[in-house]
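Architecture at a glance
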Amino acid sequence: MPFFPPLVSLPSVFKNPVCKVYRFQTVDSKWMLVREQMEECTLSFSIPKQLLSLYIQEDMNRVQDLRELGELSPHWDNLRKEVMTRYGGTISSYQETLADLDKITGRSFKPSCCKAQKSLEFIPINLHTQRMRVTCPIKTDAFYDIVTVGAPAAHFQGFKFGGLQRLLSRYEAEKKSFSTAYQCIYYSPEHTAKAQEVLSTMSLLQPLITSLADQLLQAAQEHSSTGLKNVLKNLSDKVRQPPIFRPHSLPSQLSFYSYLLECAWREQLCPLVTRLKDCVMEVAEKARKAMTFVLLQEAACSIPQGFLLQQRRDVVFSQALAALVCGFVMRLYAGIEDSRFLRQLHLVGLVAQFESLLSTYSEEIGMLEDMEVGISDLQRVVFKITEAKTDELSDLQPLVCGRRDHFTVEVPLPRLVFQTLPGEIKEGKPLQVFPVLFNVGINEQQTIAERFGDISLQERINQRNFEILEAYFKSLSEKVPLECLPCFQTQTDIKELLETLGQNVVTKKRKNVEILWIAGTICRRLNGIRFTSCKSAKDRTSMSVTLEQCALLRDEHQLSKDFFIRALDCMRREGCRIENVQKNIRCRKYAFNMLQLMAFPKCYRPPEGTYGKVDS
C-alpha cells in the first residue's frame, strides 16, 4: 500500500483525525486506493470567542459614544438611557457566554445534541473537514476536500416566528411606525450602515492624520524635499477620503508645498500643522456626535426588537464565519505551492459554495432563513496572509479583527512558507471570498412543502446565488486565464455548466438535486471551497458527501459502474461519516426511518442495517 501523507494542515487548527482506506475496481479491472480522512477544527471555538470579544468592545465603544453626546433634551436623554441599558444587557450576556467558553478545554467540535445549548449558541454545529485522496493507475494522486457543518442558525432562540430573513423584513416594515411613536427619523439599513462606516473611518483616520502631520514636521526639520512631498501627498489623500471633510477647507491648506521649499521650513510649518490638527479634531468630533445621534435615533426606534435581532444575527454569523475560516485555511494549504491558484486568489478571490439540504417546511424553513442571512453576511469578510512571529502553534492561529460592518481574518503562515508567496499577498492585499448558497430539500418535510406548502424561499435563494456565481465567473474570466483552473477528466465547459445550472434553478421540478450536483462541480472547477450542511451535518450531509465522493471516483478515476453502489454502501456503512454519527449521538445508525427514506431521492438512501430512529 502506498504511503499517504496526512492532511496538509496546521496541527493547531485540525485535530483528532479519523481515517478509512478502501480498494475499488476501475473499468479496466485495475484497482484504486482511496483514503478518507475526517478531522475536527479548533476554529469551532477560537473564532467565535474572538468575535464575542469584538462584539463586546464594539458595543462598549457605542455606549461610550452615547455618554459623550453631551446634554440632550429630556426626551432624548431618556431614550439614550434606555438604549444604553439595552447595550449593557447585550454586553453582559456576551461576557457571560465568553466566560463559559473560556472554561471549556480540550473540545474542538459541538455535537448535534448540543445545538440548542445557550452557552454554545455561537459555536458551529458538528464542524469537520473531510479529504478523499485517490491513488489509481491512470492518474496522478488527487485529493478532494469538503467542509461539513450544521446549518448556521439560532437554535437556542428557536424558530417560532421564523428566521432572520423573515424577521428582518418584518422588522424594517414595523420600524417606520416605531419612529413616529418615538419622534425619531426613520433610517434605512443603508443609512445606518453608512453612519457606522463614517464612525469607523473617523476612528482610524484621525490618529493617522495626526501621525502624518508629525511626520511632516519631521521631514521639514530634516530639510527632506522628497520626504516632505511624500508625506504631503499621503496627508492630502487622507483628508480627502471621508465625505464629512469635503464641506470644509482642509485640502486647501495643503497647497503650500512649493512655498515651503522656499522658506525656513519648520518655523513656518508649525502653526500650519497645528491649525490642521485642530481642524481635523474639530471636524472629527462634530462628525462623531452627528453620526452617534443618527445611530441613537435608529436604536431608539428599534427597542427591543432590533437588539434581539442583532443578537440573533451575531450568533448565526459566528457559526458561519468559523466554518468559512476553517475552509479557507484548508484550501490555502492545499494550494500553497500552486502558483496558478495563488494568482487567482489575489486577483479575483475564491468562491465559497455552501450546499444545504434543509426543507422549506416547519422549523427548518426558519433555519434556512437564518442561514441565508448568515452566508450573505460573509461578504463583509476579507482575508489577509501574514508572516507568523514564530513557528509556535499559538502564533499560527487565525486572528479576527474589525467591526460588525467589516471583518478581516489574518492567517499567519510559517516564515519559510510565507516567503514563497506572490508579492501582492505578502504585502497584505485583502483577499476576497464570494459566498454562495444553494438549497434543495430532500426529506419527507420537503415532500409536504412541495405538495401543500411554499418553496419560494428555496427558489429565490437558488436564483439569487446563481447570479452571484455567474458574476464571479465573468470576473474570473476577465482577470485570469482559464488555463489556470484545475484540469478534470470531464470535459464539460464551465460556461456550459453554468447555463445548465441556470436552467435548473428556474425549472419547476421536485427535489431537483441536480442543482446541488452541478453547483458542486462548478465550485471544484473554479478552485472554490466546498461546504455541505443540513440541520446537524450528520445524516443527510453524510448521504450527500458519500454520494459526491463516489461520483468523483466514477467521473475522474473510472470507478467501475458495477462497483458504484457497492462503493457507496461501503462508505456509508464503514466510512468516516458513520464515525461522525457515532461521535455526535453515540450510536452507529443514521437517524432515518423507512417512511422518511421513501421520500428521499434513491441515491440518498443508506444501506440496510445502518439506519433507525434515534434521538438526535
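One numbering rule holds for all chains: residues counted from 1, following each sequence as written. With pLDDT at 70 or above as the cut-off, local features in this predicted model cover only qualifying residues; side-chain atom pairs require 80 or more to be listed or tallied, and sums for whole chains, interfaces and linings still use all residues. To get the side-chain values, all heavy atoms of the structure are used, and hydrogens and water are removed first.

The chain carries the name Inositol polyphosphate-4-phosphatase type II B in an unreviewed UniProt entry, which gives Scophthalmus maximus as its organism.

With respect to the overall build of the chain
Quick note on the threshold: Numbering goes from the N terminus for both helices and strands, where a helix is a DSSP run of H or I of at least four residues and a strand is a run of E of at least two. Only protein chains enter the accessibility calculation, which uses a 1.4 Å probe. A residue is then buried if its area is under 20% of the maximum for its type, exposed if over 50%, and partly exposed in between. The contact definition used throughout considers only heavy atoms, calling two residues in contact when any of these lie within 4.5 Å. The protein chains shown are the only cover counted for residues, whose accessible areas, like all others here, come from Shrake-Rupley with a 1.4 Å probe.
From N to C terminus, the chain includes 20 helices and 10 strands. Per-residue burial for the chain yields a buried fraction of 56% across its 616 residues. Within the chain, contacts between residues at least 6 apart in sequence are counted, and of these 77% link residues at least 24 apart. With an accessible surface of roughly 26,700 Å², the chain has 53% of that area assigned to carbon and sulfur atoms.

Points about a nonpolar patch on the surface
Filter applied, for reference: Residues enter a patch when their relative accessible area is above 30% and they make no salt bridge; the linking distance is 9 Å between like charges and 5 Å between nonpolar side chains (Val, Leu, Ile, Met, Phe, Trp, Tyr). Should a side-chain nitrogen of Lys or Arg be within 4 Å of a carboxyl oxygen of Asp or Glu, the pair is scored as a salt bridge.
A cluster of nonpolar side chains, contributed by Y361, I448 and F452, occupies part of the molecular surface with about 330 Å² of accessible area. Within the secondary structure, I448 is located in helix α13 (residues 444-452). With relative accessibility at 33%, the residue I448 sits in the partly exposed group.

Digging into the pattern of salt bridges
Tallied over the full model, the rule gives 26 salt bridges. A salt bridge links K20 to E579; its shortest N-O distance comes to 3.1 Å. Of this pair, K20 sits in strand β1 (residues 14-25) while E579 sits in helix α19 (residues 576-585), placing them 559 residues apart in sequence. Note on E579: relative accessible area 18%, which makes it buried.

Quick notes on the nonpolar core
Under the convention used in this document: By convention a nonpolar core is built from buried Ala, Val, Leu, Ile, Met, Phe, Trp, Tyr and Cys residues, the set being connected through side-chain atoms within 4.5 Å.
If you look at the biggest cluster of nonpolar residues, it comprises 91 residues, and the most contacted ones within it are L321, F328, F383 and I385. Per element, the largest residue contribution to this core is 17 residues, and it comes from helix α8 (residues 305-334). Sequence-distant contacts of L321, defined by excluding residues within four places in its chain, comprise I47, L51, L378, V381, V400 and V409. Judged by nonpolar contacts, the second largest core, of 58 residues, contains A142, V348, F466 and V505.

Details of the pairing of strand β4 (residues 139-148)
Using the following cut-off: Two strands qualify as a pair provided that DSSP identifies no fewer than 2 bridges between them.
Most of β4 is tucked away, with seven of its 10 residues classed as buried. Bridge analysis of strand β3 (residues 128-136) against β4 gives eight bridges, and the strand direction is antiparallel. Its bridge partner lying in β4, C136 is registered against K139. As judged from the two bridges shared by β4 and strand β10 (residues 529-533), these two strands associate in the parallel manner. The residue of β10 that forms the bridge with V147 is F531.

Some points on the packing of aromatic side chains
What counts, and what does not: Two aromatic rings from Phe, Tyr or Trp, using only the six-membered ring of Trp, form a pair when their centres are within 6.5 Å; if the ring planes differ by under 30 degrees the pair is stacked, by over 60 it is edge-to-face, and anything between is tilted. The criterion is that NZ of a Lys, or CZ of an Arg, lies within 6 Å of the ring centre and within 35 degrees of the ring normal, and then a charge sits over that ring.
Evaluated as defined, the whole model comprises 13 aromatic pairs. Ring centres of F592 and F600 lie 5.0 Å apart, and the angle between their planes is 70°; on these two criteria the pair is classed as edge-to-face. Grouped by ring-pair contacts, the aromatic residues Y55, Y94, F122, F317 and F407 constitute a single cluster. Here the guanidinium or amino end of R380 rests over the ring plane of F317, the centre of that ring lying 5.0 Å away.

A short note on a negative patch on the surface
Test applied: The charge count includes Lys and Arg as positive and Asp and Glu as negative, but it does not include His or the ends of the chains. A charged residue contributes its charge at one atom only: NZ of Lys, CZ of Arg, CG of Asp or CD of Glu.
A grouping of E467, E470, D493, E496 and E499 is seen on the molecular surface, where their side chains present a negatively charged patch. For the negative patch, the elements supplying multiple residues, two or more each, are α14 (456-479) and α15 (494-506). With respect to the helices and strands, E467 occurs in helix α14. Classification of E467 as partly exposed rests on a relative accessible area of 43%.

Here's the deal with the side chain of N439
Which entries qualify depends on this criterion: Distance and chemistry together define a polar contact, namely a pair of N or O atoms within 3.5 Å, with one atom able to donate a hydrogen and the other to accept it when in protein, and with adjacent residues in sequence counting only for side-chain atoms on both sides.
With respect to the element layout, N439 can be found in strand β9 (residues 431-439). Among the polar contacts made by the side chain of N439, one reaches the side chain of S356 at a distance of 2.5 Å. Within the structure, N439 has its side chain in polar contact with the side chain of Q458 (distance 2.9 Å).

Digging into unusual backbone geometry
Residue N16 is not a glycine yet carries a positive backbone phi of 55°. Mapped onto the secondary structure, N16 falls in strand β1. Take N16: its relative accessible area is 38%, and that puts it in the partly exposed class. In this structure, A537 is a non-glycine residue whose phi angle is positive, near 60°. Assignment of secondary structure puts A537 in the loop between β10 and α17 (540-557). Taking relative accessible area as the criterion, A537 reaches 0% and is therefore assigned buried.

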